[in-house]
Structure formats: structure tokens, C-alpha cells
Amino acid sequence: MANEQHTRSASVRPRVEPRRSASSGDPRDVLARLTRGPDRAGRVTHTEHLPPRNGRHAQWPDRIRPEVIDAVQHAGIDRPWEHQARAAAHALDGESVIIATGTASGKSLSYLVPVLSTLLDGSEAPNGRGATALYLAPTKALAADQRRAVTDLAAPLGTAVRAAVFDGDTPVEEREWVRLYANYVLTNPDMLHRGLLPGHTRWSSFLRALRYVVIDECHTYRGVFGSHVAQVLRRLRRLCARYGSEPVFLLASATSAAPGEGAARLTGVRPVEITEDTSPRGETVFALWEPPLTELEGERGAPVRRTATAEAAELLTDLTAQGVRTVAFVRSRRGAELISLIAQDRLAAVPAPRRPGTAEEAPTGADGAGRADGAGGAGPAEVTATVPDEVGAAGPGEDGAERPDRGGAAGSGPGGVVSAGGRRGGLSSRIAAYRGGYLPEERRALERALHTGELLGLAATNALELGIDISGLDAVLITGYPGTRASLWQQAGRAGRAGQGALAIMIARDEPLDTYLVHHPDSVFRTPVESTVLDPHNPYVLAPHLCAAAAEIPLTEADFDLFGPETAQLLSKLEQRKLLRRRSSGWHWTRKERAADLTDIRGSGGKPVQVVEAGTGRLLGTVDAGAAHTTVHEGAVHLHQGRTYVVRQLDLEDCAALVEEASPPWTTMARDTTSLAVLETEAEVPWGEARLCFGSVEVTNQVVSYLRRRLITGEVLGETKLDLPPRTLRTRAVWWTVTEDQLDAARINPEILAGSLHAAEHAAIGMLPLFATCDRWDIGGVSIALHPDTLLPTVFVYDGQPGGAGFAERAFHTARAWLTATRDAIAACECEAGCPSCIQSPKCGNANDPLHKRGAIRLLTELLRSAT
């Protein structure tokens, strides 16, 4: 069957699928059941039906070894899709290539076949390792999944292909074997940066034979992280040249704009683009879902919608009760834990069906699931577990949404499968959470449960978003816009990977961008995905990598072209700081400590803060240094493995937060204040009398207080002051100014000026992720009625990373479209004076005061009148 072959070409490994009824597998029927009843029907603002597509086959290039083709056919794949065959041909020709096709289109096989064929050739060399390949994944979970895939596919080849994972979880006793004998090494950029490159002399035989570098899910390398990875790859290319190799880069990406340009910025090598997806696809039903308004009032009397977290937990409960295999994506670790726990609580009384492979199927009805209307799921009042939403803190200055899951932190177990906390009887035993921070054995247990079908419902962060093979899912819930269209389609593509129909639902959070998207479906379904934004030449990124490169091999002027135009100037500064010393042979690293330790390529901004249980001294996990002020300040509510803790003390010197277990009836949200100084204006465009500018700025930020919000409702119970030190950041910003004449034309008098600017700033920050591949927590903003540097009313939006991340620059170049969408989003909101869906920000340090909705609309309209 064509669609089944399509799935195997993506995952190259058979799996056990749970039986499902015909009705539960039809996405139209599933959505109809979810929306049955007047309470649910009005929540769907748009439904998009993506039709099925037939695939087009081709033949593998003649140069592929017949043993490899036999192995592929043994896996059940008779012929490749056209784009797979084209990618393999370019790889064999020695051309770097990027495959930017849809989810489950078989990208893995596109690069595995030429790699395996080349490794088979190399196995015939006298040393048995005449060719090697390096695979890079952004997460450990993806690398582990791909190792299983390549091991299964290459099994008929015997010992000719020796695949091994080399990451922080690899036991010390295994690492020497990997260095000496593995010919297909799977790792991540962090391990490449800290382990393999600094220890290149021990990897000399591997690097000397390196033929291919596979970069999977390369669209995730954006912003500061992507800029760091770009320099790590340049260091890799430099060392390969030292050992006489010039590897071909094979990149796999979600669909994106100009993928070749993004890949060239990442690797420094211009690849061939393959963007036509010739694989088949089942029907996808994609619904945009807006939670209902509640009777509660927020700040300044604003209307409040039911939280996206509560809505996702309810839908996950209903889908699981119907036997619909579902993943609910949420942007934070805390949100994943909460959704899982709520669904487990509500399903505890529902008898669990037999495990996959038995004659008994999962229930298709909802009896015992606590529904309000018998078909559509429980109403807001029936969610009896803890359902705080948009809790925790976010990046620099504006967003109140939870931090995304960056992965890599210490932590402990998932509450549904391998951990006792949150384990319940009945159908709840088949619900779990998946997030970064779990121990290796816990991650593996969850991944096995997904593969075997033991789990019916999963609440996951973006740690599961990437290409991990979880075929057989029926539905995906996306809890809030994930920040980019590429991520949106990547998450939606997790369902239907076996070629069957799929249901995807994006649940809007109560913030401007989400509200705009669910009411402007063309921005989701008729707009191309974004191009990847990264800046490898950011001096704050480049400088530590020059030090690391000099420690590996002394730098010379011949390296300037590789590392970029800023190299010469930065080397001079590094000499002045006595980090490097120039000798006749080049620039040398002068310190005893490891140069690779100068930077964290994930951009977390310093030593992580350890979260420690005060009474026992037990380490619960870690928090990025940049997030500590907003997430583990004194009094913060901290959720860990289904248990609630309160922070009693934050020790910034020792990088530790002491917590005690408690169950307060509220959650907490930090608030901060921000000031900004212009250092340099690098570009300026006149918009009539207004000015649009881009340049360097210095931002001073201080967390000043936190709010206590009632669980479930989000009602503000009070505000507590904090005494934390300010932090400064030199970064890049986009800003615009208006004149007094323009204010008069827009009927903005002095009484409403500050509120109009403030409202426009909040909404502009919320809308920028639609135009730059950023998340809202990557950026911040400041507005002021008379800024001392511009001497005019000014609104700033800035990157939240030292030296900038490219987002503000992207905003500058797309400013007309960005600010037009901002104005339209405010104008389209149904509220009277402003709400979280348009101009309010839950993290605003000024308590969303002043804000003037109508003034912001008139101000933006006047600003855009002469926009170019």
C-alpha cells in the first residue's frame, strides 16, 4: 500500500500499531464529536481541509550499493520517492544538499541511503574505516531515535555499518570504542562544541575519513543558538581541512522560505535545494480553536478567556477516552506536566483498554469521562485539577507566556509512565508528559511506550516536536501558536504519519498573535513559512568561538574568510584582553582553562541555577541563569513532577534556589521594568515625518515584583515586591518615532500619548513572531513619550540576547507588514478598552497601565500612512 510505504520510508522501521475503530480514525468524525453541543461548536473559528496527495516513485541511482538497496527493500520499501532519489544522487556527486519537504516525507532515507552506501565502500578499506559520517541532531531524543532507525535499516549489512551515539549520556567506557571503531556517529552540537572538537587529536582517524555531515531538523538552528551552531560547524570544517577531508553536508529541514540561503548561513557552504515533496499524504483536517470568554475580569476590568492549558487538558481527556491517539504540544515544561496530570485525574475512573495487539479496542464513547454534554467534553467548571495557564516567566521585558522547553536541564521523571508521581489507575495509566530535563532512562522508556502504542495520550513540549518517529497518531493539539509556521506545521505533521487521515487543532492563547491567527486563517494556511534568521557574525557569538578555534589549532589570516569579516577586528580585541596571543605561527589560546567553556551555545546566559529541596538537599532540577530572576525568585511557585514547591530563597552567588513543598491556591508571575539607551543608529528610513530606525542599544532590566494568581481562573490575588539586582544587556533594536504634527493628526493628546505608545508596543511584540522566526520570549520592548536620545515619542523592540539575534533586524526590514498586522489585530479585537488578546501583556512591569486601545489604532494608522 502506497501510504504505508511512505511511512516506512520516513522511519525505516516497522512498528506495532494499536487497533482503532474506523470512526475514531476519521478526522472529520473526531472533530464533529469534539464540537458537538452549543458550548463547543462556537469555539472553532476556521476549519481547513488539506486533501490527500498521491506520491511519485523513482529509482535509486545506479551508484548505490546493491546491498543497501536490498536492505531498504527488506524494510518494506520497494522504490524511493522522486525527491529521495534526487537527494541521493546529489550526495553521491559530492554536492551538499538540503531536503526541505513536509513531515513524514522520507527525509531520513534520503540521506541514509547514500551515507550507508559510502560507509559500505569504506568498510572494505584495510583499516575497515575508510569512510565515516557524522549525524547532528538538536536533541538527544532525536539522535537516539535515529540510531535505532539506522541500526534496524543496516542490520542486513552486518558489521560494515557501526552506528553509535556520542553525547552526554554515553558511558565513559563506551566513548573510546566510538572514537576508534564507529563509522556513523550520532551526536548534538553541544557535544561537538565541548567534546569532539576540543579533543580532535583523539578523533583524527574519524575526521580524516569524514565524508558526510548530516544536519537533521536544521530549521531549528535559528537566533543565537543557530548562530553558535554556525560557528561550531565552521570550526569542524577547519579541522577537517587540517586532516585532509572536505565533508559533504546533507541537511534535512521542515519546509521554509529560501532553505538554501539558510543552510548556507548555517554551514558556510551553498547546497542544492530539494523542495518538491513527491511523497503521498493522507487527508488532514486542521481546526483553529478559540477558548470561550469567562465571567471573570482581569486587570483594568478586561475580559478573560479560558486558558489554553485548561482547554488542551479537556480535549486531551476527551480524545483519549475515545481511543484517539493524541499528542498535546505545549510550550513549557510546566504546561506539559499540568496537562498530563489533569487528564490523568479525569480519566482515573475510566477502565483502561487492553494493550495494543489484543482483540479489545479502546473505547470510542465518553462514558465515565466527566463530560458536560455527553459528547463535547467537560465545561470549564468541571476541570477539577490545577490548571494555571501562562504561568512562569519569559524572556526580556514583555511576554508573560511560559518559557519554551530548551531541554538539557537536570530533572526527573515523567509523571505517567516511569514515575510514581501522577500514576493513577484506569485509562489514566496511558497518559504521560514528555519534556526536556528527564533522565536518559526515563526518556527512553517514554519513547518505547510511544512506539509500542502503550500510550494513548501525551502532553509534550517541543522536545518531541522534531523528527522522532511516533507514527500511528490520530490527532495533535497545539496549545498556543508555537512561534513559527515551520514549528506549527512540524507539530501538526506528527499525526497521520502512517498515511491515514489526521486531525490538528491549534488552541489560541489569550494574547494578540494567537487571537489574530484564529481570526485570520490566511495567515496560517495561505502564507509561506518563514526564512531562518541567524547571524553567525554577531561579535558576542563569534569571539568565544575564535578562542575555541585557536585552542584547537592556532588561527591564521587564512581563516578570516571562513569565520567572517569581523574576525580581524575581534582578534585584536581578544589580544588586548589577553585571551589570545599573536606569534609568528598565528593566534594562540593563552589560558589554562578550556576555551570551549567560554560560551554556552544554547545561550542560557551563565551557570544554571540549581533548584534544591531545602529539607533534604535533594536536587530537583536546574533553571537557566537568564530565567532565574523570573522563575525561581523568592515566593515563586515551582512545579516539579506533579508536585508543587514554593521558593524560600534565591542565592544568586551560589546559583541555588531553595524550595519547600507546599500547595498554595495560586501561581506566580514575575514583573519587571526596563529602560533603554541608544548606542548607535545603523540604519534609518523616513516614513513621512516619522523615522524607522535600527541599531545598537543598552537595555537595563530589573524584576521588581510578582503577582499571585488564583489557580484555574487566573484572578489576580495580589502583588509582592522583590529586591533583585538590575541586569544590563547590549543588543540590537528596531524603533520608530513620531512627531507632534503626527500626534495631532492622529488625535493623540498628552493625556493618552503614553497609553497609546504602550499599547502599540505590547501588540507589536506579540505580532513579531509572525514575521521573524522568533518566539515572543526572545524579544522585549520599551515605549516612552519623550525618549532622551531621540527627543521624540518612541517605541523600541529589542533582541533579548547579547549582540542581538537577528530578530530586530528582520522586524526593521518587514516593518510595514509587521506594524500593519499589529494595527489590524488591535482593531479586530472585540473588547472595549483592551485585553490580553490585543494590548495587555501579563508580564508588563507597569501593571498594564497606562494603555489606550483606540489611541494605539489611530497612532499606528498615522505612522503607516507614509510607510515605505
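Predicted model, so just to flag it, every value in this text is computed and none were measured.

1. What about the overall build of the chain?
A tally of helices and strands in the chain yields 28 helices and 29 strands. Sequence-distant contacts, at least 24 apart, represent 76% of the contacts inside the chain between residues at least 6 apart. As presented, the chain carries roughly 30600 Å² of accessible surface, and 49% of it is formed by carbon and sulfur atoms.

2. Digging into the pairing of strand E15 (residues 475–479)
Within a regular strand, the side chains alternate between the two sheet faces. Of all five residues in E15, five are buried, a share of seventy percent or more. Here E15 shows two buried faces, one formed by Ala475, Leu477 and Thr479 and the other by Val476 and Ile478. Bridge count for strand E12 (residues 326–330) against E15 is five bridges, and the pairing is parallel. Bridge pairing links Val327 to Val476 in E15. Two strands pair when backbone bridges link them, and E15 and strand E16 (residues 502–507) are joined in this way by five bridges, in the parallel orientation. Following the sheet pairing, Thr479 is matched in E16 by Ile507.

3. What to know about the pattern of salt bridges
Proximity of charged atoms lets side chains of opposite charge pair with each other. Here the structure, examined in full by the defined rule, presents 39 salt bridges. For Arg53, the salt bridge is made with Asp277, and the minimal N-O distance between the two is 3.3 Å. Of this pair, Arg53 sits in the loop between strand E1 (44–50) and helix H5 (66–74) while Asp277 sits in the loop between strand E8 (272–274) and strand E9 (284–289), and the two are 224 residues apart along the sequence. Among the residues examined, Arg53 registers a relative accessible area of 27% and is labelled partly exposed.

4. Describing the sheet that holds strand E13 (residues 431–434)
On the basis of which strands lie adjacent, the open sheet formed by seven strands has the order E1-E9-E16-E15-E12-E14-E13 and mixed pairing. The open sheet has two free edges, formed respectively by E1 and E13, since each of these has just one partner strand. If you compare each strand with its neighbour and ignore which way they point, the axes differ by 15 degrees on average.

5. Here's the deal with the packing of helix H6 (residues 82–92) against helix H7 (residues 107–122)
Two numbers describe a pair of packed helices, the interaxial angle and the distance between the axes. Two elements in contact, H6 and H7, have axes separated by 8 Å at closest approach and are oriented at 40 degrees. With respect to their mutual orientation, H6 and H7 come out oblique. The element H6 and its partner H7 pack so that their crossing is right-handed. Only Leu109, Ser110, Pro114 and Thr118 of H7 make contact with H6, whose side of the interface consists of His83, Gln84, Ala87, Ala88, Ala91 and Leu92. When grouped by side-chain class, the residues that make up the contact of H6 with H7 number six nonpolar, four polar and no charged.

6. Examining the sheet that holds strand E2 (residues 97–100)
In spatial order, the strands read E4-E5-E3-E6-E7-E2-E8; together these seven strands make up an open sheet with parallel pairing. On the outer flanks of this sheet lie strand E4 (163–165) and E8, each paired with one strand and no other. Neighbouring strand axes in the sheet, compared pairwise and without regard to direction, differ in orientation by 15 degrees on average. One ladder, built from four bridges, connects E2 with strand E7 (residues 248–253); its direction is parallel. Note on E7: the bridge partner recorded for Ala100 is Ser253. Its contacts with the sheet place H6 against E2, strand E6 (210–215), E7 and E8, and it is angled at close to 165 degrees to E8.

7. As for the layout of surface pockets
Considering only enclosed or pocket space, the second largest pocket measures out at about 660 Å³ in volume. Lining the second largest pocket are 33 residues; nearest its centre among them are Leu50, Gly102, Thr103, Arg281 and Trp489. Looking at the lining of the second largest pocket, the elements with two or more residues in it are helix H17 (485–492) and helix H19 (522–525). The dominant element in the lining of the second largest pocket, judged by the number of residues it contributes, is H17, at four residues. Taken together, the residues that form the lining of the second largest pocket break down as 13 nonpolar, 14 polar and six charged.

8. Remarks on a nonpolar patch on the surface
Together, Trp177, Leu180 and Tyr181 make up an exposed nonpolar region whose accessible area comes to about 310 Å². Assignment of secondary structure puts Trp177 in helix H9 (residues 172–181). Classification of Trp177 by relative accessible area gives partly exposed; the value is 39%.

9. Structural notes on the environment of Val224
By the secondary structure assignment, Val224 is in helix H12 (residues 223–242). According to the relative accessible area criterion, Val224 is buried, its value standing at 10%. Linking Val224 and Asp535, residues 311 residues apart in sequence, is a C-alpha distance of 7.4 Å. Once you skip the residues sitting within four places of it in the chain, Val224 turns out to touch Val541, Ile601, Gln801, Gly804 and Ala805.

10. Some points on the pairing of E16
Taken across its six residues, E16 has six buried, putting it largely inside the fold. On E16, burial covers both faces: Ala502, Ala504 and Met506 on one face and Leu503, Ile505 and Ile507 on the other are all buried. In the sheet, E9 pairs with E16 via six bridges, with the strands oriented parallel. Opposite Trp289, over in E16, you have Ile507 as the bridge partner.

11. Here we look at the packing of helix H27 (residues 815–828) against helix H28 (residues 853–864)
The geometry of H27 relative to H28 is characterised by a closest axis approach of 9 Å and an angle of 150 degrees between their N-to-C directions. In terms of orientation, H27 lies roughly antiparallel with respect to H28. Along this stretch, H27 crosses H28, giving a crossing that reads as left-handed. Across the interface between the two elements, Arg816, Leu819, Thr820, Thr822, Arg823, Ile826 and Ala827 from H27 touch Lys853, Ala856, Ile857, Leu860, Thr861, Leu863 and Leu864 from H28. Residues that form the contact of H27 with H28 fall into these classes: eight nonpolar, three polar and three charged.

12. A closer look at a negative patch on the surface
Together, Glu689, Glu740, Asp741 and Asp744 line one region of the surface with negative charge. Overall, Glu689 belongs to the partly exposed group, its relative accessible area being 42%.

13. Some remarks on the nonpolar core
The nonpolar side chains of a soluble globular protein tend to be buried with one another. In this structure, Phe286, Met506, Trp687, Trp736, Trp818 and Leu819 are the most contacted members of the largest nonpolar core, which totals 84 residues. Per-element accounting of this core gives the leading share, nine residues, to helix H25 (residues 750–767). Excluding residues that lie within four positions of it along the chain, Phe286 makes contacts with His46, Thr47, Glu48, Ile478, Leu488, Trp489, Ala492, Ala504, Met506 and Phe525. Counting residues in hydrophobic clusters, the runner-up holds 41 residues, among them Val97, Leu109, Ala163 and Val248.

14. Points about the environment of Pro769
Summarising the element assignment, Pro769 is placed in the loop between H25 and strand E28 (779–784). Every residue in contact with Pro769, bar those within four places of it in the chain, is listed here: Tyr481, Gly483, Leu513, Glu530, Cys774, Asp775 and Arg776.

15. Points about the confidence of the model for the chain
Per-residue pLDDT for the chain has a mean of 84; in total, 85% of the residues score no lower than 70. When the criterion is pLDDT under 50, residues 1–23 qualifies, and its contacts beyond four places in sequence or with other chains add up to 75 contacts.

16. Regarding the side chain of Thr567
As for its position among the elements, Thr567 is in helix H22 (residues 567–576). By relative accessible area, which is 2% here, Thr567 ends up buried.

17. A short note on H12
Look at H12: 29 Å from first C-alpha to last across 20 residues, which is about the 28 Å you get at 1.5 Å a residue. Of all 20 residues in H12, 17 are buried; the element is thus mostly enclosed.

18. A word on the packing of aromatic side chains
Applying the stated criterion across every chain, the model contains eleven aromatic pairs. Geometrically, the ring pair formed by Phe286 and Phe525 is edge-to-face, given 5.2 Å between the ring centres and 80 degrees between the ring planes. Of this pair, Phe286 sits in strand E9 while Phe525 is found in helix H19, placing the two residues 239 residues apart along the sequence. Residues Phe286 and Phe525 agree in their burial class; the two are buried. Centroid distance Phe694 to Phe812: 6.0 Å. Interplanar angle 40 degrees. Geometry classified as tilted.

Criteria and thresholds
- Residues numbered from 1 in each chain as written.
- Predicted model: local features only at pLDDT ≥ 70, side-chain atom pairs only at ≥ 80, totals over all residues.
- Heavy atoms only, no water.
- Helix = DSSP H or I, 4+ residues; strand = E, 2+ residues; numbered from the N terminus.
- Contact = heavy atoms within 4.5 Å.
- Areas by Shrake-Rupley, 256 points an atom, 1.4 Å probe, with all protein chains shown as cover.
- Buried < 20%, exposed > 50% of the residue type's maximum accessible area, 1.4 Å probe, protein only.
- Pairing = 2+ DSSP bridges.
- Salt bridge = Lys/Arg side-chain N within 4 Å of Asp/Glu carboxyl O.
- Axes fitted to C-alpha atoms, helices over the stretch in contact; angles between N-to-C directions.
- Parallel < 35°, antiparallel > 145°, perpendicular 65-115°, else oblique.
- Left-handed = near helix turned anticlockwise from the far one by under 90°.
- Nonpolar A, V, L, I, M, F, W, Y, C, P; charged D, E, K, R; others polar.
- 1 Å grid on protein atoms, 1.4 Å probe; cavity = no way out; pocket = protein on both sides within 12 Å on 5 of 7 lines; lining within 4 Å.
- Points joined across faces, edges and corners; volume = space filled by probe spheres on them.
- Patch = residues over 30% accessible without salt bridge, like charges linked within 9 Å, V, L, I, M, F, W, Y side chains within 5 Å.
- Lys, Arg positive; Asp, Glu negative; His and termini not counted.
- Charge placed at Lys NZ, Arg CZ, Asp CG, Glu CD.
- Core = buried A, V, L, I, M, F, W, Y, C linked by side-chain atoms within 4.5 Å.
- pLDDT = per-residue confidence, 0-100.
- Expected span 1.5 Å × (residues − 1).
- Phe/Tyr/Trp six-rings, centres within 6.5 Å; stacked < 30°, edge-to-face > 60°.

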